[in-house]
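Results of the structural survey
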Amino acid sequence: MSPHFSPDGETIAFTWRHEGANDIFVVRAAGGAPVQLTHGPSTSAYDNLVTGWTPDGGSVLFLSHRNAALRKHFETYAVPTTGGLATPLGIDHSGLSSMSPDGARIAYDWSFRNLGGDRWKRYRGGQAGEIFIYDLLRRRLDRVTTWIGTDTAPMWWRNRIYFLSDRGPEQRLNIWSIDLDSRAVRQITHFMDYDIDMPSIGPGGIAFQEGGRVHLIDLPSETVHDVQITTSEPTIRPRKVVSGVNFLRLQDIASTPDFALGKSPRVAYVSAHGDLFAVGPDGSSVNVTRTAGVEEDHPSVSPDGKALAFITDADGEQQVAILPLNAASQPRTITHFQSGVLYTPLWSPDGRRLVVADANKRLWIIGAETGHVEQVASDPYAEIHDAAFSPDGQSLAYSTTRSNGNRAIHMRFLESGEDVVLSSPLESDHDPAFTSDGKSIFFVSARREYPFVSDRDHEGTIATLWSDGLYRALAPRGAHDRIEIFQTSAQEVPEKIVGGISNLAIKNNILFYHETALNGIDGKLPGQIDRLHAFNVTSVADQVISTEVDDYILSPDGTEALVASGDDLKLITIRNGLQRKTRTISLSKLKIQIDPDADHREMFEQAWRLDRDLFWDPKLNGVDWSAIHDRYALLVSRLRSQEDMTYLLGEMQGELSASHMFITPGPVDTGSPRTTTALIGVDFVLDSTSGRYRMAHIYRGDATRERFRAPLWNPAFDVQDGDYLLAVDGDQLQAPDDPYRLLTNKKGTLRLTVSRNPDGPARTIHVIPIDDESEIRKLDWIEINRTIVNKFSGGQIGYIYLSDFNELGSEDFLRQYYAQIGKGGLVIDVRDNLGGFASQWVLGALRRLQAGVFRNREGAEVALPESVSPRKIVTVTDIFSSSDGDQFPYYFSLWHMGPVVGERTWGGVRGIKGQWRLIDATAVTIPKDSLLTPDGDQIIENKGSEPSIAIDDNPAMRRVGHDVQLEKAVSVAQSMSQ
């Protein structure tokens with residue numbers, strides 16, 4: 001991808017994505033074998049992306065994360081066409097670029113937003129592209145464009161720069177030009193239907209694509225004409241058979257099971273790549289649907305085991321279908337929904353009805369024979385995933401969410417249609433399950449009050465754990481029975497559960513439930529596992545029948561449970577609530593057939609429907625979504641790769657002009673192992689005199705924290721900045737070889753030959769490498785910043801960097817905050833903050849007021865509460881502060897907590913549910929809600945949070961060791977009154 005002609009037109013440089021890695025290659029324009037120039041590392045989808053050439057044709061320019069301390073910082077590198085180590089140009093974070101004809105200056109966009117799934121159109125936030133010129137000799141920066149929208153993809157020609165901009169009346173990325181003397185701007189192209197992307201300048205002019213067509217602008221005439229391209233590639237691509245493991249869907253986005261268990265014979269029904277498969281205990285499988293380009297999932301076996309209900313989009317919308325299992329019959333579609341996203345159908349015990357939840361937070365009941373559809377409930381706050389039938393099939397219990405956040409159990413009497421709320425408004429009850437006689441309901445409720453205090457902040461933070469308990473109450477016999485009997489008869493089941501409780505089901509007087517592990521900010525706490533329990537309702541004996549449980553489903557007769565654990569299933573035979581036999585059903589034999597063209601058509605329709613049905617604004621930001629469908633559907637037949645599909649979906653979703661609309665491509669089965677790079681945590685520099693490579697800087701990390709473990713941390717290695725790396729595993733390292741070539745696909749311990757001098761004496765050390773250096777590089781950057789703040793403030797101001805407002809940022813806060821609360825002030829750095837959900841917690845801790853002090857006999861004083869932040873606080877932002885990283889500085893300013901120094905932030909505050917999977921496991925995210933003021937006004941979105949003191953990043957100052965934003969923040973903090 002991203003091909004660029006050399007200045008003489010003889011060679012093409014391009015990025016080749018192979019075995020999961022991206023590298024730079026060159027090939028003669030006349031043909032021949034490509035030559036590899038880089039050998040990793042490759043840490044993201046567009047790492048090592050070619051952006052052009054040096055004017056002399058001696059080096060290829062490309063973007064890379066390889067030495068970046070911050071995740072979103074692409075830097076521009078040059079790699080010689082003769083091979084060797086790539087070196088940075090020193091312009092810090094950058095996007096697409098182009099060098100001046102004399103090679104002394106470079107024009108570049110300050111961020112890279114030109115490819116990938118986030119194709120936000122009419123974007124006006126802090127990352128909106130702007131074009132700068134950096135003088136590489138004089139180290140001087142000049143801002144060329146000031147448009148509020150996007151200016152990107154500069155292409156230098158003589159004394160003019162051509163570039164992409166959406167400043168025109170079309171509001172599309174068209175090609176413009178700017179005269180560098182007069183700064184006069186002219187529009188060159190005027191396309192209205194599609195944006196231009198990734199143009200490339202070469203000896204013959206500017207080539208670009210628009211709407212799937214290639215065009216060329218002749219220079220200097222600026223005449224635009226089409227380029228006709230013919231290839232020998234077949235119109236219809238062949239189907240192929242691959243392993244189905246990467247395409248399995250054992251849980252859906254709501255974390256509910258997406259598999260089923262048959263009655264006789266015992267087979268598991270699973271969904272993979274849009275088809276349903278019957279998998280036997282020996283792992284053999286049969287495709288029971290066989291529909292290319294159709295999504296079928298959420299299987300559910302009928303109580304008598306004779307039919308399989310599932311969700312299909314064969315008619316263009318998601319519907320419920322039923323497939324007879326004992327005959328060679330075709331599925332029968334029983335619903336005719338006009339829109340919507342459906343979850344697993346639940347059969348009534350008598351097989352007459354099914355109940356189905358949808359992603360628009362509604363619950364439907366459907367006649368299995370008649371197809372009659374009735375809406376049972378609608379919950380504006382949350383989806384309904386805990387519906388349960390009574391044993392006679394005449395009642396349905398489920399829960400909805402109240403405005404106070406508590407959940408309430410309802411009971412609906414199906415013959416009369418009457419619906420009553422059973423739960424007290426003071427309680428939060430959910431996941432009901434009827435006993436086998438229908439007289440009682442087991443349910444989960446947050447009635448266990450176990451408050452605990454932070455072990456670092458004793459009086460400031462009180463939270464709860466283990467709130468969920470298991471309870472039993474009498475069920476009313478009719479809508480006119482005493483409803484309060486449910487509340488007055490409720491009693492706790494004595495079994496104490498350590499984690500959460502979900503997915504209750506009762507069969508044969510045995511209550512099955514899923515005990516979920518205690519979670520931290522982002523995942524299970526260490527040592528915590530999920531368990532499947534079987535509770536005997538009569539004897540009140542509780543047994544754990546399986547551990548390491550992701551989810552489970554019961555057979556129709558309740559004598560076996562099918563448990564999902566990783567990529568495998570476990571079939572557990574149960575008698576009287578006791579585990580009798582466990583068999584593992586391996587899914588490794590599952591094979592699927594891929595029809596690329598059918599997949600692309602289906603994926604396009606899936607993504608379009610998901611946006612239509614789930615986007616937070618039902619008016620879709622005023623966009624004519626049907627017209628958008630028709631416009632982009634014209635391009636589907638032209639797709640030839642997964643990258644093409646990602647691009648098209650991104651372009652379509654981008655028309656909604658909203659944040660958090662990301663696309664993550666699904667797995668690609670190349671049949672070859674993934675290419676990896678073993679990293680040792682150093683900056684390599686070539687010693688041109690000796691032709692050897694120095695380890696100019698060694699990242700030491702923090703060996704006491706696994707997150708920051710650095711390969712060369714051990715003092716016993718006796719390696720210093722500037723030492724030479726002479727060989728890896730006995731292979732000599734010398735220019736023009738690339739050091740990373742010797743580290744490619746290395747596994748296990750490395751033997752590194754090192755020396756103080758290029759000619760020895762040499763010695764060997766044994767090192768365990770890592771596959772990602774970003775955390776140790778970031779820690780090094782943090783400590784450098786802390787040193788700067790200490791130096792400029794005389795040790796009076798503390799420094800805290802927050803990676804995100806999720807797990808890593810929470811760790812950052814805990815690691816840095818409590819150690820610095822005694823400082824006279826704080827600088828809170830949220831540059832490159834990736835967002836999350838914990839910003840209000842951090843803001844709350846920083847806003848805490850001191851009530852007083854406790855003084856003891858010895859005169860020592862302890863604040864009340866113990867942890868109170870100093871009042872002098874300054875926040876630092878940049879264009880990469882995103883999502884919760886947008887919200888933090890916004891509220892920091894709104895609540896007058898202190899000044900914000902830096903740049904306007906990204907500008908994205910839409911909330912998402914998670915990743916919706918398309919047929920090939922490509923994931924899309926769709927905003928489900930939007931942040932507003934208490935008065936209902938839109939904030940931050942597509943604008944960003946403005947700093948109170950605007951300071952742009954300056955690469956020239958960075959090259960001489962000055963962080964102008966951070967230094968300004970320290971100066972501001974010092975000038976503040978306490």
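Heads up: these notes are all about the structure in this document. Since this is a predicted model, take the numbers as computed values, not measurements. (Residues numbered from 1 in each chain as written. Predicted model: local features only at pLDDT ≥ 70, side-chain atom pairs only at ≥ 80, totals over all residues. Heavy atoms only, no water.)

Together, Tyr450, Trp466 and Val498 give the surface a local cluster of nonpolar side chains, amounting to about 250 Å² of exposed area. With respect to the helices and strands, Tyr450 occurs in the loop between strand E39 (440–446) and strand E40 (451–453). The exposure class of Tyr450 is partly exposed, given its relative accessible area of 32%. (Patch = residues over 30% accessible without salt bridge, like charges linked within 9 Å, V, L, I, M, F, W, Y side chains within 5 Å. Areas by Shrake-Rupley, 256 points an atom, 1.4 Å probe, with all protein chains shown as cover. Salt bridge = Lys/Arg side-chain N within 4 Å of Asp/Glu carboxyl O. Helix = DSSP H or I, 4+ residues; strand = E, 2+ residues; numbered from the N terminus. Buried < 20%, exposed > 50% of the residue type's maximum accessible area, 1.4 Å probe, protein only.)

Moving on to the pairing of strand E8 (residues 87–93). Most of E8 is tucked away, with 5 of its 7 residues classed as buried. As defined by bridge partners, strand E7 (residues 75–80) adjoins E8 across 3 bridges and the pair is classed as antiparallel. Bridge pairing links Tyr77 to Pro88 in E8. Hairpin connection between E7 and E8: a loop of 6 residues separates the two successive antiparallel strands, and Gly83 in this loop has a positive phi of roughly 95°. (Pairing = 2+ DSSP bridges.)

Now for the pattern of salt bridges. Pairing between side chains of opposite charge can happen when their charged atoms approach one another. A full pass over the atoms with the stated rule returns 63 salt bridges. Notably, a salt bridge pairs Glu651 with Lys121, separated by 2.7 Å at the nearest N-O pair. A residue pair is termed long-range when its members are at least 10 positions apart, and Glu651 in helix H4 (residues 642–654) and Lys121 in the loop between strand E10 (105–109) and strand E11 (131–135) qualify at 530 residues. The salt bridge partner of Asp683 is Arg777, with a shortest N-O separation of 2.7 Å.

What follows covers the sheet that holds E10. Taken in spatial order, the 4 strands make up an open sheet running E9-E10-E11-E12, and their pairing is antiparallel. On the outer flanks of this sheet lie strand E9 (97–99) and strand E12 (140–143), each paired with one strand and no other. The mean angle between the axes of side-by-side strands here comes to 20°, regardless of whether they run parallel or antiparallel. With 4 bridges connecting them, E11 and E12 associate as antiparallel partners. Its bridge partner being in E12, Asp135 is matched across the sheet by Arg140. (Axes fitted to C-alpha atoms, helices over the stretch in contact; angles between N-to-C directions.)

To continue, consider the nonpolar core. In globular proteins that are soluble, nonpolar side chains generally tend to be buried together. Judged by nonpolar contacts, the single largest core of 43 residues is most densely connected at Leu363, Leu396, Met652 and Trp916. Broken down by secondary-structure element, the contributors of at least two residues to this core are strand E31 (353–357), strand E32 (362–367), strand E33 (373–378), strand E35 (395–401), helix H2 (596–614), helix H3 (625–633) and H4. The leading source of residues in this core is H2, at 6 residues. Contact partners of Leu396, with chain neighbours within four places excluded, come to Val355, Leu363, Val376, Ala387, Ala388, Phe389, His410, Met411, Arg412 and Leu414. Ranked by size, the runner-up nonpolar core spans 27 residues in total, among them Tyr693, Leu733, Ile765 and Val767. (Core = buried A, V, L, I, M, F, W, Y, C linked by side-chain atoms within 4.5 Å. Contact = heavy atoms within 4.5 Å.)

Everything listed here is a matter of geometry and, on its own, says nothing about what the molecule does.
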